[in-house]
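Here is what each chain is made of, one letter per residue.
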Amino acid sequence: MASTISTNPAHAHFESFLQAQLCQDVLSSFQGLCGALGVEPGGGLSQYHKVKAQLNYWNAKSLWAKLDKRASQPVYQQGRACTGTKCLVVGAGPCGLRAAVELAMLGARVVLVEKRTKFSRHNVLHLWPFTIHDLRALGAKKFYGRFCTGSLDHISIRQLQLLLLKVALLLGVEIHWGITFTGLQPPPKKGSGWRAQLQPSPPAQLAKYEFDVLISAAGGKFVPEGFTVREMRGKLAIGITANFVNGRTVEETQVPEISGVARIYNQSFFQSLLKATGIDLENIVYYKDDTHYFVMTAKKQCLLRLGVLHKDWPDTERLLGSANVVPEALQRFARAAADFATHGKLGKLEFARDAHGRPDVSAFDFTSMMRAESSARVQERHGTRLLLGLVGDCLVEPFWPLGTGVARGFLAAFDAAWMVKRWAEGAGPLEVLAERESLYQLLSQTSPENMHRNVAQYGLDPATRYPNLNLRAVTPSQVRDLYDMEAKEPVQRMSDETDSGKAATGAVGSQEELLRWCQEQTAGYPGVHVTDLSSSWADGLALCALVHRLRPALLEPSELQGMGALEATSWALKMAEHELGITPVLSAQAMVAGSDPLGLIAYLSHFHSAFKSVPHNPGSVSQGSPGTASAVLFLGKLQRTLQRTRTQENGEDAGGKKPRLEVKAETPSTEEPPVPKPDEPMTPPSQQQDASAEDLCALCGQHLYILERLCADGRFFHRSCFRCHICEATLWPGGYRQHPGDGYLYCLQHLPQTGHEEDSSDRGPESQDLPMSSENNTPSGPATPVDLHQGTSPVPNPIQPTRRLIRLSSPERQRLSSLHLTPDPEMEPPPKPPRSCSTLAHQALEASFKGWGMPVQSPQVLEAMEMGEEERSSSSEEETEEEEDVPLDSDMEHFLRNLAENSGTMNNYPTWRRTLLRRAKEEEMKRFCKAQSAGAELGGETVAAGPRAANLHEPGRNPKDSCRSAG
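Computed from a predicted model, the values in this text were never measured in an experiment.

Quick notes on the pattern of salt bridges
Turning to step 1, where the next piece is worked out: Inspection of every chain in the model, using the stated rule, returns 22 salt bridges.
Turning to step 2, where the next piece is worked out: Across the salt bridge formed by Arg98 and Asp134, the nearest N and O atoms sit 2.8 Å from each other. Taken together, the residues span a long stretch of sequence, with Arg98 in helix 6 (residues 94-105) and Asp134 in helix 7 (residues 129-137) at a distance of 36 residues. As far as burial versus exposure is concerned, Arg98 and Asp134 are alike and both buried.
Turning to step 3, where the next piece is worked out: Close ionic contact of Arg918 with Glu922 constitutes a salt bridge, the shortest N to O distance being 3.0 Å.

Right under this line is the structure:
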């Protein structure tokens with residue numbers, strides 16, 4: 001074999017290409033391979049087929065088999081799905097390279113530009129099961145032999161880039177290094193195409209390259225012009241990453257990894273760490289790959305106390321800036337934490353070097369995450385269209401403690417390639433954009449638990465990856481603003497920071513514009529005076545008015561009658577989430593208390609972004625437009641109710657108890673709902689306006705760490721708590737309910753019914769749960785079923801969601817009350833299978849005595865044969881009889897079974913017949929084994945005589961067979 005490699009230079013170049021561990025070595029070996037084979041690199045799939053045909057090398061055949069199997073999927077259409085489509089991919093990160101591979105398999109011409117000249121990121125990525133299977137299908141084990149060996153489910157970024165780079169080169173992707181993409185160059189005239197603005201001076205062929213599709217994977221710091229990026233910032237959380245040299249010694253390989261230890265799960269570990277080193281952490285992760293990779297979340301006060309930070313600046317960028325971080329102290333901090341976590345078994349910890357030759361250790365704020373408002377756009381100039389898509393951190397920056405970065409990045413790459421395929425098929429721009437945005441809505445909700453279980457079927461088609469897929473969730477009319485035929489302003493960013501003083505900007509432009517839009521939308525509503533973006537929204541009136549303006553049919557006067565500020569705000573938040581698709585970013589308590597003004601600005605910005613194109617008529621409220629009368633009515637009543645409750649609060653003693661507010665659902669009628677009298681006692685619920693309420697889980701009430709926080713219906717839960725109480729499946733926002741009895745969360749499939757099933761069988765038709773008038777809705781005892789209308793309200797409680805009220809007209813109620821809901825007394829339940837042979841024979845004898853003029857009862861003959869079988873007690877309530885199994889003699893049991901078989905009764909229960917026969921054989925073997933063991937104790941002689949041994953075998957069966965089966 002060595003002689004073959006030495007005589008064929010192409011084989012040597014291919015071996016170097018497989019084993020290369022540096023970016024420059026990969027490129028040089030591939031250039032040598034193409035030169036030895038006489039193939040021009042960068043020629044698309046035609047280059048791959050030429051290399052495959054000419055390189056008849058044993059070590060390459062397994063790789064060709066894997067790539068051919070992937071390319072043979074029907075979705076690629078044998079590499080002709082995107083023939084004639086020219087694509088430009090910006091960025092050679094894992095997501096950019098993965099998107100380039102998919103586009104190349106579709107048959108498109110792909111050019112990739114990367115500003116770096118080497119891969120130097122040592123950080124380790126967590127891999128989901130489907131990503132491991134996907135990379136193995138691309139030949140990852142061929143390029144990197146240690147890929148996911150054993151139980152490992154991670155890989156360093158550098159190794160992942162290297163193996164994807166090798167696959168992209170083999171598939172004919174044209175790659176240019178050291179080239180920075182700075183912008184787009186529109187076509188100067190009709191008939192010309194889109195080009196890229198590149199620096200420094202690119203090759204002439206690249207400078208003249210005209211493309212139809214641009215895929216940006218350049219990271220979160222660069223987004224193409226026209227896209228709106230939003231910065232999501234939570235409370236300050238400082239992450240520290242450190243990479244140490246992996247010497248691959250025996251001692252190092254034996255050190256176990258730490259997949260993730262959090263303080264909330266192992267407090268003793270972190271208390272010991274604090275006592276021994278003075279380091280206070282929230283969590284720590286240790287992965288072993290090319291380096292020893294550690295990532296941890298440190299507390300700010302600990303970093304200040306240990307001298308890692310000079311000063312405590314309120315601005316996050318200034319706090320973690322290079323001027324405020326002491327490198328030597330940071331290195332001591334990371335080395336001490338890593339040494340304690342591994343019990344000192346890694347020996348001397350030496351830092352690996354980054355791209356600049358410095359120790360690879362850094363501190364960053366991982367709560368600052370960028371997210372694009374849209375995933376794709378279409379720009380058209382002079383009749384030439386350009387499809388733009390985002391993938392990777394350019395689309396959504398991951399929250400690293402959850403380990404979702406590369407998995408969701410690969411999903412976005414697949415979705416972007418599917419979008420390009422639909423574009424090449426001739427689908428309309430709005431249709432393509434609508435499908436892509438529908439998939440983008442699913443991206444942030446994906447997890448290994450809520451995707452298809454069969455990872456082997458994953459492919460480019462979204463239906464193979466997402467269950468319950470709806471590609472029409474976003475309609476073409478909703479993405480018209482993404483079809484750009486004119487020049488747009490440069491990309492702007494929005495921020496909803498909670499720990500810095502930066503104002504929110506971006507799609508809204510400024511706070512003044514947002515305030516002016518809110519004032520226009522709420523103008524004319526009584527009691528609503530929006531003067532700012534904080535205190536004007538505390539009473540809930542303004543938010544209810546905004547929701548009613550956008551969707552007048554969602555709110556009715558009776559639904560908000562007698563509600564307080566907290567209830568009104570919770571109702572508006574829920575309606576906006578379920579009906580308008582606007583997810584709350586703060587709780588109702590925080591909005592009423594005014595503790596998060598920047599969060600309120602970000603929340604109102606969602607309304608403006610979604611409904612800024614809705615026309616507004618300033619005189620609509622006063623002119624009596626549809627829904628105006630009900631809007632004025634419910635807001636007027638809501639304002640009077642708030643005034644009364646405030647008056648009662650002021651005049652109430654400090655030690656007195658407030659009566660609980662109960663809003664009863666009245667019978668629907670055409671009359672106007674009565675206005676509550678001023679003298680009626682009415683007080684709002686307890687409004688917990690404590691700003692720290694968001695730090696508690698709404699279900700378990702325990703402290704809520706930012707790593708496990710999940711928002712649903714305006715409330716925050718632990719991710720481990722937000723599961724169905726029965727099946728323990730992760731719940732979806734809007735697809736769950738909280739049971740009013742036990743308070744647990746249930747999915748809609750396992751939601752228990754409240755007391756209707758067990759009581760309905762004992763009641764007559766007059767006691768069925770039918771809608772009745774409000775005066776009949778009186779509380780009943782514990783055994784009385786709860787009426788559908790009793791104690792409920794159409795307004796969901798902020799703590800306990802309820803079902804939507806079904807309103808029936810008078811004719812409908814009359815028809816429903818006349819239905820005959822009682823079961824037919826003539827219908828008898830199916831007979832239960834007998835529990836023993838004696839019972840089966842009992843039924844056979846009963847059937848044999850029928851027609852002889854004798855009543856159907858147990859004959860005395862059977863009683864004598866049952867050898868004193870005890871009488872069974874029967875339940876008068878259930879009217880069922882359970883018989884106990886009494887051990888019978890083998891002859892008697894054999895006689896009863898033959899009686900049942902001969903009478904044909906046993907054929908009525910085929911399943912139970914097989915069960916009885918199996919049990920009989922088992923009992924026979926037990927008695928035989930018992931006899932054998934007794935004989936062995938007496939001297940090893942087998943007991944073969946006596947009446948008991950004679951009954952060990954069924955008639956017609958050889959005793960030797962039983963001995964053989966028992967042995």
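Considerations on the nonpolar core
Turning to step 1, where the next piece is worked out: Core analysis: the biggest nonpolar cluster contains 128 residues, and Trp64 and Leu88 have the highest contact counts within it.
Turning to step 2, where the next piece is worked out: Core analysis: the next-biggest nonpolar cluster, separate from the first, contains 40 residues, Val547, Leu554, Leu573 and Met591 among them.

Topic: the confidence of the model for the protein chain
Turning to step 1, where the next piece is worked out: For the protein chain, the mean per-residue pLDDT works out to 74, and 66% of the residues sit at or above 70.
Turning to step 2, where the next piece is worked out: In this model residues 940-967 is a low-confidence stretch, pLDDT under 50, and it forms 34 contacts with partners more than four residues away in sequence or in other chains.

Comments concerning the packing of aromatic side chains
Turning to step 1, where the next piece is worked out: For the coordinates displayed, the defined rule picks out 18 aromatic pairs.
Turning to step 2, where the next piece is worked out: An angle of 90° between the planes, with centres 6.4 Å apart, marks the rings of Phe17 and Phe143 as edge-to-face. Of this pair, Phe17 sits in helix 2 (residues 9-19) while Phe143 sits in helix 8 (residues 140-143), placing them 126 residues apart in sequence. We note that Phe17, like Phe143, is buried.

Notes on the packing of helix 2 against helix 9 (residues 157-170)
Turning to step 1, where the next piece is worked out: Packing of helix 2 against helix 9 leaves a shortest axis separation of 10 Å and a crossing angle of 145°. Residues Phe17, Leu18 and Gln19 of helix 2 pack against Lys166, Leu169 and Leu170 of helix 9.
Turning to step 2, where the next piece is worked out: Here the contact of helix 2 with helix 9 is composed, by residue class, of four nonpolar, one polar and one charged.

Overview of the pairing of strand 1 (residues 86-90)
Turning to step 1, where the next piece is worked out: Among the five residues in strand 1, four count as buried, and that is most of the element.
Turning to step 2, where the next piece is worked out: As judged from the five bridges shared by strand 1 and strand 2 (residues 109-114), these two strands associate in the parallel manner. Bridging across to strand 2, Val89 finds its partner in Leu112.
Turning to step 3, where the next piece is worked out: In this view, the connection linking strand 1 to its parallel neighbour strand 2 by way of helix 6 has right-handed handedness.
Turning to step 4, where the next piece is worked out: Of the pairings in the sheet, the one linking strand 1 to strand 8 (residues 213-216) comprises four bridges and is parallel in character. Residue pairing across strands places Leu88 opposite Leu214, the latter belonging to strand 8.

Things to note about the packing of helix 18 (residues 511-522) against helix 19 (residues 541-550)
Turning to step 1, where the next piece is worked out: In contact at an axis separation of 9 Å, helix 18 and helix 19 are set at 75° when each is read in the N-to-C sense. The angle between helix 18 and helix 19 falls in the class roughly perpendicular. In this structure, helix 18 contributes Trp517, Glu520, Gln521 and Thr522 to the contact, and helix 19 contributes Ala542, Ala545, Leu546, Arg549 and Leu550.
Turning to step 2, where the next piece is worked out: Split by residue class, the contact of helix 18 with helix 19 holds five nonpolar, two polar and two charged.

Comments concerning the sheet that holds strand 11 (residues 258-262)
Turning to step 1, where the next piece is worked out: The strand order across the open sheet formed by five strands is 11-12-13-10-14, and the pairing between neighbours is antiparallel. Looking along the sheet, the strands with just one partner apiece sit at the ends: strand 11 and strand 14 (361-365). Direction aside, neighbouring strands of the sheet carry axes that sit 10° apart on average.
Turning to step 2, where the next piece is worked out: Here three bridges tie strand 11 to strand 12 (residues 281-288), and the two strands are oriented antiparallel to one another. Residue pairing across strands places Val261 opposite Ile284, the latter belonging to strand 12.
Turning to step 3, where the next piece is worked out: Docked against the sheet, helix 15 (residues 327-341) engages strand 10 (238-245), strand 11, strand 12, strand 13 (291-298) and strand 14, running at close to 75° with respect to strand 10.

Structural notes on helix 4 (residues 45-54)
Turning to step 1, where the next piece is worked out: Here helix 4 has its buried residues at Leu45, Gln47, Tyr48 and Val51. Taken down its axis, helix 4 places every buried residue within 155° of arc, on the same side.
Turning to step 2, where the next piece is worked out: Of the surrounding elements, those touching the buried residues of helix 4 are helix 3 (23-37), helix 5 (58-71), helix 6 and helix 9.

Cut-offs applied
- Residues numbered from 1 in each chain as written.
- Predicted model: local features only at pLDDT ≥ 70, side-chain atom pairs only at ≥ 80, totals over all residues.
- Heavy atoms only, no water.
- Salt bridge = Lys/Arg side-chain N within 4 Å of Asp/Glu carboxyl O.
- Helix = DSSP H or I, 4+ residues; strand = E, 2+ residues; numbered from the N terminus.
- Buried < 20%, exposed > 50% of the residue type's maximum accessible area, 1.4 Å probe, protein only.
- Core = buried A, V, L, I, M, F, W, Y, C linked by side-chain atoms within 4.5 Å.
- pLDDT = per-residue confidence, 0-100.
- Contact = heavy atoms within 4.5 Å.
- Phe/Tyr/Trp six-rings, centres within 6.5 Å; stacked < 30°, edge-to-face > 60°.
- Axes fitted to C-alpha atoms, helices over the stretch in contact; angles between N-to-C directions.
- Nonpolar A, V, L, I, M, F, W, Y, C, P; charged D, E, K, R; others polar.
- Pairing = 2+ DSSP bridges.
- Right-handed = clockwise from strand over helix to strand, strands pointing away.
- Parallel < 35°, antiparallel > 145°, perpendicular 65-115°, else oblique.
- Arc of directions from axis to C-beta.

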